[in-house]
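Observations on chain architecture
Listed below are the residues making up each chain.
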Amino acid sequence: NSFERFSESGETVADYLSNPIWFIRNIGVKLVGAYGLAELADNIRFKSTDYSEAPIVRRNSLRVLHELLDEPDFTTYYTALQDPYWETRTQALKNIADTADSPNSVTETLTDSLINKQGVLIERNFEVQLGYAETLGRVGVHPGCVRAFTALGNAANWLVRAQAAIAITHVSSRFPA
């Protein structure tokens, strides 16, 4: 197949990452993650927020970046929350949720990217809304996430409403009255 011919040609991972064919670049991103090539982290960081890149490459780059870094890159994660591709936004939320020592400012940033000043959901994709609920449940701080949970609790999708209720229990167990 074409992948075997390509890899037998002596190309480097950097060559994969710069290939004009998106799925070859995606293989390059996955190779960076599989081999833990931290020296390519800047390249992966750029790909994760480059809107000229294929959406699936941006999503996978964000996943790999999180695996490569010793410290989370909240700036990149927050930028990715504005990505037009829903799977990239969901991956950014997973990265934030997987960060045990999230700063308190993460609650405010997530809430501001989820709802407008009137408390109405900005995010329309229910899978991303689920990601917000789960992430806020894992790293959110009270009372900052109350506005977000109120909006998620009124979401059209019942799964989002259920996840918001579960998330509230997670936050309340971390911050008992």
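Everything here concerns the structure above.
1. Let's talk about the pattern of salt bridges
- In total, this model carries 11 salt bridges according to the counting rule given.
- A salt bridge links Arg 25 to Glu 53, with the nearest nitrogen and oxygen atoms 2.7 Å apart. Of this pair, Arg 25 sits in helix 3 (residues 22-35) while Glu 53 sits in the loop between helix 4 (41-49) and helix 5 (55-68), placing them 28 residues apart in sequence.
- Residue Arg 25 is classed as buried on the basis of its relative accessible area of 11%.
- Taking the shortest distance from any N to any O, the salt bridge between Glu 87 and Arg 59 comes out at 2.3 Å. Of this pair, Glu 87 sits in helix 7 (residues 86-97) while Arg 59 sits in helix 5; the two residues are 28 residues apart in sequence, bridging distant segments of the chain.

2. Digging into the environment of Ala 41
- When you line up the elements, Ala 41 lands in helix 4.
- In this structure, the C-alpha to C-alpha distance between Ala 41 and Val 64, residues 23 residues apart in sequence, is 8.6 Å.
- Every residue in contact with Ala 41, bar those within four places of it in the chain, is listed here: Leu 65, Leu 68 and Leu 69.

3. As for helix 8 (residues 105-114)
- Three or more residues of helix 8 are buried, namely Val 106, Thr 107, Leu 110, Thr 111, Ser 113 and Leu 114. For helix 8, the angular spread of the buried residues around the axis is 165°, confining them to a single face.
- Buried residues along helix 8 sit in contact with helix 6 (74-80), helix 7, helix 9 (126-139) and helix 10 (146-153).

4. Considering the packing of aromatic side chains
- Throughout the structure, instances matching the rule amount to three aromatic pairs.
- With 6.0 Å between their ring centres and 75° between their planes, Phe 74 and Tyr 77 make a pair best called edge-to-face. Placement of the pair is Phe 74 and Tyr 77 together in helix 6, with a separation of three residues, close to one helical turn.
- With a relative accessible area of 0%, Tyr 77 lands in the buried category.
- For the ring pair Phe 74 and Tyr 78, a centre distance of 5.9 Å and an interplane angle of 35° mean the geometry is tilted. With a gap of four residues between them, Phe 74 and Tyr 78 both fall in helix 6, about one helical turn apart. This pair shows no difference in class: Phe 74 is buried, exactly as Tyr 78 is.
- Members of the aromatic cluster, joined through ring pairs, are Phe 74, Tyr 77 and Tyr 78.

Conventions we followed
- Residues numbered from 1 in each chain as written.
- Predicted model: local features only at pLDDT ≥ 70, side-chain atom pairs only at ≥ 80, totals over all residues.
- Heavy atoms only, no water.
- Salt bridge = Lys/Arg side-chain N within 4 Å of Asp/Glu carboxyl O.
- Helix = DSSP H or I, 4+ residues; strand = E, 2+ residues; numbered from the N terminus.
- Buried < 20%, exposed > 50% of the residue type's maximum accessible area, 1.4 Å probe, protein only.
- Contact = heavy atoms within 4.5 Å.
- Arc of directions from axis to C-beta.
- Phe/Tyr/Trp six-rings, centres within 6.5 Å; stacked < 30°, edge-to-face > 60°.

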